[in-house]
Amino acid sequence: MSILIVDDERDIRELIGDILRDEGFTVRLAANADDCMAAINAEQPALMILDIWLKDSRMDGIDILKTVKRDNPDVPVVIISGHGNIEIAVAAIKQGAYDFIEKPFNIDQLMVVVSRAMETSRLRRENSELRRRDVTSSEMLGSSAAFRLLKTQLEKVTKSNGRVMLTGPAGSGKEMAARYIHAHSNRAGAAFVTVSSAAIEPERMEEVLFGRETPERGVEPGLLEQAHGGIVYFDEVADMPLGTQSKILRVLVEQQFTRAGGQDKVRVDLRVISSTTRDLRNEIQAGRFRQELYDRLNVVPIVVPALEDRREDIPELTRHFIDLFHRSQGLPLRDLSSDAEAMLQTMRWPGNVRQLRNVIERVLILGEGSGPIEARELPGQDSGHGEDGRLVIGGQLATLPLREARELFEKEYLLTQINRFGGNISRTAAFVGMERSALHRKLKSLGVVTGAKGRSEDDEGEE
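What comes next concerns the included structure. (Residues numbered from 1 in each chain as written. Predicted model: local features only at pLDDT ≥ 70, side-chain atom pairs only at ≥ 80, totals over all residues. Heavy atoms only, no water.)

Before going further, it helps to examine the sheet that holds strand S4 (residues 77-81). Within a sheet, adjacent strands bond to each other through the backbone by hydrogen bonds, running parallel or antiparallel. Overall, parallel pairing links the five strands, which are arranged S2-S1-S3-S4-S5 in an open sheet. Here the strands that pair on one side only, and so sit at the sheet edges, are strand S2 (27-30) and strand S5 (99-102). In this sheet, adjacent strand axes meet at a mean angle of 20 degrees when their direction is disregarded. Inspection of the sheet shows S4 paired to S5 by four bridges, in the parallel sense. Residue pairing in the sheet places isoleucine 79 in a bridge with phenylalanine 100 of S5. Taken strand by strand, helix H1 (residues 10-22) contacts strand S1 (3-6), S2, strand S3 (47-51) and S4, and its axis lies near 175 degrees from that of S2. (Pairing = 2+ DSSP bridges. Helix = DSSP H or I, 4+ residues; strand = E, 2+ residues; numbered from the N terminus. Axes fitted to C-alpha atoms, helices over the stretch in contact; angles between N-to-C directions. Contact = heavy atoms within 4.5 Å.)

This is the structure:
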């Protein structure tokens, strides 16, 4: 992308152009408003350097600035003028200019401002691209009973404006659930703004949320203003400072706020989704969270299940991640062997879907060849075997007589398989190689009681 230089003085615009070309930038020149707007319409520049006074032009620099910030808000504009004073600088910055340089300018000063503005432009483009990717990646995958319940609940709230509180362990996919609501709501075309309560310094929280106004830089919108018309997602809302909680509560009630350093009321139209890994009722009792804010946010509570509660979905999620890393990073497009699939479904997943994603990425990076992923490639799966492939028995199992050890092994093995298949006895029986009735008898003899949690229709029909 190029830098567009707009100045009615030929010598000035060509001088700036030569300086920037020497630094490796692509440059376009315009002498008046018509040339400027034609250049912008042909290709959006990465940066504009704009003279505030333009002779024989239908618009001056301030008018062009207003037009550009209205139609191309992501383009940083640096104002230059030979008649500069603080009033002009403040007026330009209030209209959205990135910075102001007075003629005659120092070349080093110009390059510092240009470099910073170009970095701002790059970050804005990357942020926009990430937002587009986030919208397209809001698809949710799974077929387990726990996942189907979650998706049914999410679909019920997509068309409303009700506030949603997502609870569940870290890494279970709460933000993905929030983005699913956004992508399927009537606000899908508007912004989805994430507020990471834990990542923002407490003393800066209000400035980040509400924005600020200063004489030097004018209005700097906060995250709530950026989310106007769309959805604001409070990630781990329990980490929000108590002082900020009371102000957020007022925003939810009044749908307006005042920027830091400002006087005017800013009205916003927002839908709020929040999430937490903690029990907010305990946080309320401990005095760390406001009851009134909890009541406002917890209009529709939805639980996002842990990965261990939806083990049936692990093969589908794994293949999705393999395909994702192949497309995004060029990693090998490998299949999944049956032993690796079984191992993944029986492993512990304290980090949930995020941990599964990380494991698959690691396996694809470190793996050799393009054949199916084998169980031995999974992290921590060699610890139970000796060098000759024999099973290494340790812990409680090694201290028991054969009969008790066999019963303990059978009990844990069958429970693992039942959990793997979401409580479906028919599928468990087929995998372990037993008749369904025989499996029921075995479970009864071992004192294993299977609840209705994962019982499928075909199981119920056979009872």
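This is not the end of the story, as more comes after the structure.
The topology assignment puts serine 274 in strand S13 (residues 271-276). Among the residues examined, serine 274 registers a relative accessible area of 0% and is labelled buried. Among all residues touching serine 274, those that are not within four sequence positions of it are Val164, Met165, Leu166, Tyr233, Phe234, Val237 and Leu297. (Buried < 20%, exposed > 50% of the residue type's maximum accessible area, 1.4 Å probe, protein only.)

Mapping glutamate 236 onto the fold places it in the loop between strand S10 (231-235) and helix H10 (242-254). Buried and without a salt bridge, glutamate 236 has arginine 278 as its closest oppositely charged side chain, separated by 4.1 Å. (Lys, Arg positive; Asp, Glu negative; His and termini not counted. Salt bridge = Lys/Arg side-chain N within 4 Å of Asp/Glu carboxyl O.)

With that out of the way, let us pick up a nonpolar patch on the surface. Nonpolar side chains collect at one region of the surface, where Phe409, Tyr413 and Phe431 lie side by side and expose about 290 Å² of accessible area between them. Within the element layout of this structure, tyrosine 413 appears in helix H16 (residues 402-420). Residue tyrosine 413 is classed as partly exposed on the basis of its relative accessible area, which comes to 31%. (Patch = residues over 30% accessible without salt bridge, like charges linked within 9 Å, V, L, I, M, F, W, Y side chains within 5 Å. Areas by Shrake-Rupley, 256 points an atom, 1.4 Å probe, with all protein chains shown as cover.)

A positive phi is found at aspartate 56, a non-glycine position, where the angle reads about 55 degrees. Checked against the element boundaries, aspartate 56 lands in the loop between S3 and helix H3 (61-71).

With respect to the helices and strands, the residue serine 172 is situated in the loop between strand S6 (164-167) and helix H7 (174-183). Sequence separation of serine 172 and valine 304 is 132 residues, and the distance between their C-alpha atoms is 6.6 Å. In contact with serine 172, not counting residues within four places along its chain, are Val304, Pro305, Asn352 and Val353.

Helix length check: helix H15 (residues 352-366) (15 residues) gives 21 Å between terminal C-alpha atoms against 21 Å at 1.5 Å per residue, within 8%. Residues Asn352, Val353, Leu356, Val359, Ile360, Val363 and Leu364 constitute the buried set of H15. The buried residues of H15 occupy an angular sector of 130 degrees when the element is viewed end-on, so they sit on one face. Turned more than 90 degrees off the buried face of H15, the exposed positions are Arg354 and Leu366. (Expected span 1.5 Å × (residues − 1). Arc of directions from axis to C-beta.)

Before going further, it helps to examine the pattern of salt bridges. Under the criterion given, the structure shown has 24 salt bridges. As a salt-bridge pair, aspartate 269 and arginine 187 come within 2.9 Å of each other at their nearest N and O atoms. With a gap of 82 residues between them, aspartate 269 in the loop between strand S12 (265-267) and S13 and arginine 187 in the loop between H7 and strand S7 (192-196) connect regions that are remote in the sequence. Assessed through its relative accessible area of 8%, arginine 187 is described here as buried. Note that arginine 290 and glutamate 292 form a salt bridge whose closest N and O atoms lie 3.8 Å from each other. Note on arginine 290: relative accessible area 28%, which makes it partly exposed. According to the relative accessible area criterion, glutamate 292 is partly exposed, its value standing at 41%. One salt-bridge network, in which partners are shared between bridges, spans Arg204, Glu207, Arg212 and Glu220.

It is the contact of helix H13 (residues 314-329) with helix H14 (residues 338-346), at a shortest axis distance of 9 Å, that shows an interaxial angle of 115 degrees. By the criterion of interaxial angle, the relationship of H13 to H14 is roughly perpendicular. The two elements H13 and H14 meet at a crossing, and its hand is right-handed. Contacts between H13 and H14 involve Ile314, Pro315, Thr318 and Arg319 on the former and, on the latter, Glu341, Leu344 and Gln345. (Parallel < 35°, antiparallel > 145°, perpendicular 65-115°, else oblique. Left-handed = near helix turned anticlockwise from the far one by under 90°.)

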